[in-house]
Amino acid sequence: MSAVNRAAVEAVLRQYTDPYLNQDPVSAGCVRNIDIQGDRVSVQMELGYAADLFKSGWAQLLQMAIEGLDGVTTARVEITSVIAAHKAQAQIPGLANVKNVVAVASGKGGVGKSTTAANLALALAREGARVGILDADIYGPSQGIMFGIPEGTRPQVKDQKWFVPIKSHGVEVMSMAFLTDDNTPMVWRGPMVSGALLQLVTQTAWGDLDYLVIDMPPGTGDIQLTLAQKVPVAGAVIVTTPQDLALLDARKGVEMFRKVNIPVLGVVENMAVHICSNCGHAEHLFGEGGGVKLANQYGVEVLASLPLSMVIREQADSGKPTVIAEPDSQIAMVYQELARHVGARIVLQEAATPAMPNITISDD
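Because the structure is predicted, anything quoted here is derived from the model rather than measured.

Q: What am I meant to see in the overall build of the protein here?
A: Looking only at helices and strands, the protein features 11 helices and 15 strands. Sorting the 364 residues of the protein into buried and exposed places 49% on the buried side. For the protein, the share of sequence-separated contacts (at least 6 apart) that also reach a separation of at least 24 residues comes to 75%. Carbon and sulfur atoms make up 50% of the accessible area of the protein, which totals about 17,300 Å².

Q: Please explain the pattern of salt bridges as it appears in this structure.
A: Should their charged atoms come close, side chains of opposite charge can pair. Evaluated as defined, the whole model comprises 11 salt bridges. Residues Glu10 and Arg6 are paired through a salt bridge, measuring 3.0 Å at the closest nitrogen-oxygen approach. Taken together, the residues span about one helical turn, with Glu10 and Arg6 both in helix α1 (residues 6-13) at a distance of four residues. Across the pair Arg32 and Glu46 runs a salt bridge, and its minimum N-O distance is 3.4 Å. Here Arg32, found in strand β1 (residues 31-37), pairs with Glu46, found in strand β2 (residues 40-47); they are 14 residues apart in sequence, far enough to count as distant. A relative accessible area of 23% means that Glu46 is categorised as partly exposed. Each of Lys99, Arg130 and Asp210 takes part in a single network of salt bridges with overlapping partners.

Q: How do you make sense of the nonpolar core when you look at a structure like this?
A: One broad trend across soluble globular proteins is that nonpolar side chains are buried collectively. Counting 109 residues, the largest nonpolar core has Val43, Ile66 and Phe257 as its most contacted members. No other element matches helix α11 (residues 330-352), which puts eight residues into this core. For Ile66, the contacting residues outside a window of four places in its chain are Val9, Val12, Leu13, Val41, Val43, Val72, Ala75 and Val77.

Q: Please clarify how the sheet that holds strand β10 (residues 209-215) should be interpreted in this entry.
A: Note on sheets: strands pair through backbone hydrogen bonds, and any given pair is parallel or antiparallel. A sheet is described by the order of its strands in space; here eight strands give the open sequence β8-β9-β5-β10-β4-β11-β12-β15, paired in mixed fashion. Two strands bound the open sheet, and with one partner strand each, they are β8 (166-168) and β15 (301-305). Each strand of the sheet is rotated relative to its neighbour by a mean of 25 degrees, with strand direction disregarded. Inspection of the sheet shows β8 paired to strand β9 (residues 171-175) by three bridges, in the antiparallel sense. Along β9, the bridge assignment pairs Lys167 with Glu172. Helix α3 (residues 113-126) rests against β4 (98-105), β5 (131-135), β9, β10, β11 (235-240) and β12 (264-269) of the sheet, and its axis sits at about 170 degrees to β10.

Q: So what exactly am I meant to see when it comes to the sheet that holds β2 here?
A: If you trace the three strands from one edge of the open sheet to the other, you get β1-β2-β3, paired in mixed fashion. Of all the strands in the sheet, just β1 and β3 (74-81) have a single pairing partner and so form its edges. For this sheet, the mean inter-axis angle between neighbouring strands, taken without regard to orientation, is 10 degrees. In the sheet, β2 pairs with β3 via eight bridges, with the strands oriented parallel. Within β3, the residue paired with Val41 across the bridge is Ala75. α1 rests against β1 and β2 of the sheet, and its axis sits at about 130 degrees to β1. Sheet strands touched by helix α2 (residues 52-67): β2 and β3. Its angle to β3, the strand with the most contacts, is close to 150 degrees.

Thresholds, definitions, all that
Residues numbered from 1 in each chain as written. Predicted model: local features only at pLDDT ≥ 70, side-chain atom pairs only at ≥ 80, totals over all residues. Heavy atoms only, no water. Helix = DSSP H or I, 4+ residues; strand = E, 2+ residues; numbered from the N terminus. Buried < 20%, exposed > 50% of the residue type's maximum accessible area, 1.4 Å probe, protein only. Contact = heavy atoms within 4.5 Å. Areas by Shrake-Rupley, 256 points an atom, 1.4 Å probe, with all protein chains shown as cover. Salt bridge = Lys/Arg side-chain N within 4 Å of Asp/Glu carboxyl O. Core = buried A, V, L, I, M, F, W, Y, C linked by side-chain atoms within 4.5 Å. Pairing = 2+ DSSP bridges. Axes fitted to C-alpha atoms, helices over the stretch in contact; angles between N-to-C directions.

See below:
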């Protein structure tokens, strides 16, 4: 039996690719320690994204691979997730108690953006992250309904300055709907809306969040630009349907985020296919492959492709979105994949950002 060394263990680990970081754990810098005691090997790894539902299976796969190494009788792989604060736009101060802000946006309304934002937030929480969601869709706030928060609920006020977010399904929720009457339409002009939203963002007492998901208003106007220029966003997720009109507006959303130096993490293609509940026939009601075309055009990924499903709508309307209502369903698993991809893409975006050179001045 040959002696085991670190190089041999690393060589085994390099044969496996993390499906979210698209790298092996050694190249991705996830390996924190390798301890070898004779024929026993212990590996400690650290992921930079929330992955509670993934890491045990990933650890078991790597453990079995190491145990197949000549000279190893037992191996143990421990994986933890440590989520750090990542870079946002330059010269924009970070939010107190919030590590990463994720904007969920669409060029037009009616594409399922709010439902996607709610399920993304819940999926991140299921993966072990501390999560909040801000309903910035001020003209049609719906997160309170989706999170099952009773109408008329008002946030507490702390120190006469801070709104205390309302917690539901393990997620901290804040919305303009909590401060207004549901029967009163918002007739504010753009500057008033922008000011109110910035106040909600900066004067909410978030509780040490790993991720704050912002459900953005649809469109690419003054409100969206103000938020993008004043709120430190780590990355944006663009929601679209495969329909040509939706894709046209989604492109405007991508361009807007690029102009304000916010990385687009990827595209969610919603209502991609409808499957008949009676016969099982699959039909692409809004076209086919639009999300892939958009992603390819801008060099980003399709993070998830979701069906046109009455169940998704019914569960969101009932105050228990799919991730909570049917956590083991196929659709819920798509949302969990989305959550892990979003977290990993934030890590990869920062890794891909070139470091600024050091400038030194001398008297010579």
